[in-house]
Amino acid sequence: MTKNYSVLLFAMMLFSFSGMAQTDIPQKKELKIETANKIDDNAEPDQGTSLNIPSVVEDQPQVDFDIAKRNPVKMIDDRELVQAGAGMKIDPKVGPRQPEEGSKQHFADMYLGDVKNNGKFVGIMCRDHENVDGDRVKIYVNGDVVDTNILLTSSFKGVNVDLKKGFNRIDFEALNVGAYAPNTAQVNVYDDKGEIIYATKWLLSEGSKATLIITKEED
């Protein structure tokens, strides 16, 4: 009885170990790959939920490519052609302006121009043509002082200049600017018959000179 029990116990243990060994070994299984979303070639297509987009190529507008029937380009304006700048108005404030008395601008030496005369002499007369405010000048003839101090008033004052052949230079030097700058004067030139042959004006700062040339061609 004891012997049979031992044999049975041994057999049970062997079976137990055999079962455990089989569970530890991974079992091979066959992998089956099936086609996903298989397409039926004979089935009708599904309309689905596609958007109903209107056609952009239907009902196109008719375009007339004949340019002559539309607005033609004109190379010449219908209006009468005028010279460029016609009708333009110039602002009188633009450009050089005549300085006025009271200006603080510096007035340098001036060239008053030149006169031709074949007389024996000319009369050089000057006066203050603006406000009589005490302007004074010194007069030179060919570098020599002929009047050291002339007070300019509203009446003409001046000197007679004997003419030599060639150039005769008369300089007016501003000794001051009076009460209102600059030194201002009108200059008249008379021939030996008393006829006026030239007239001009000067604007000078103190110390500046105005120069007039008298040309004699014959003795």
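None of these values were measured; they are calculated from a predicted model. (Residues numbered from 1 in each chain as written. Predicted model: local features only at pLDDT ≥ 70, side-chain atom pairs only at ≥ 80, totals over all residues. Heavy atoms only, no water.)

Student: Would you mind showing me how to read the environment of Tyr198 here?
Tutor: If you trace the backbone, Tyr198 turns up in strand β8 (residues 196-204). For the pair formed by Tyr198 and Asp114, sequence separation is 84 residues and the distance between their alpha carbons is 8.9 Å. Every residue in contact with Tyr198, bar those within four places of it in the chain, is listed here: Leu112, Gly113, Val115, Val187, Asn188, Val189 and Leu212. Within the structure, the side chain of Tyr198 is placed 2.5 Å from the backbone oxygen of Leu112, a separation counted as a polar contact. (Helix = DSSP H or I, 4+ residues; strand = E, 2+ residues; numbered from the N terminus. Contact = heavy atoms within 4.5 Å. Polar contact = N/O pair within 3.5 Å; in protein donor to acceptor, adjacent residues only side chain to side chain.)

Student: I'm lost on the sheet that holds strand β6 (residues 166-174) in this one. Help?
Tutor: The strands making up a sheet are joined through hydrogen bonds of the backbone, oriented either antiparallel or parallel. Strand order in this open sheet of five strands is β1-β9-β6-β3-β4, and the pairing throughout is mixed. Looking at strand neighbours, the two that pair on one side only are β1 (110-116) and β4 (144-151), the edges of this open sheet. Sheet twist, expressed as the mean angle between neighbouring strand axes with direction ignored, is 15°. In the sheet, strand β3 (residues 136-141) pairs with β4 via five bridges, with the strands oriented antiparallel. Bridge pairing in β4 places Tyr140 opposite Val145. (Pairing = 2+ DSSP bridges. Axes fitted to C-alpha atoms, helices over the stretch in contact; angles between N-to-C directions.)

Student: Would you mind showing me how to read the sheet that holds strand β7 (residues 183-190) here?
Tutor: Overall, antiparallel pairing links the four strands, which are arranged β5-β2-β7-β8 in an open sheet. At either end of the open sheet lies a strand with only one pairing partner, and these are β5 (157-162) and β8. Taking each pair of neighbouring strands and ignoring which way they run, the sheet shows an average axis angle of 20°. Here five bridges tie strand β2 (residues 121-127) to β7, and the two strands are oriented antiparallel to one another. The partner of Arg127 across the bridge, within β7, is Gln186.

Student: What am I meant to see in the pairing of β3 here?
Tutor: Connecting the antiparallel pair β3 and β4 is a turn made up of two residues, with Asn142 showing a positive phi of about 50°. Inspection of the sheet shows β3 paired to β6 by five bridges, in the antiparallel sense. Looking across to β6, one finds that Lys138 is bridged to Glu173.

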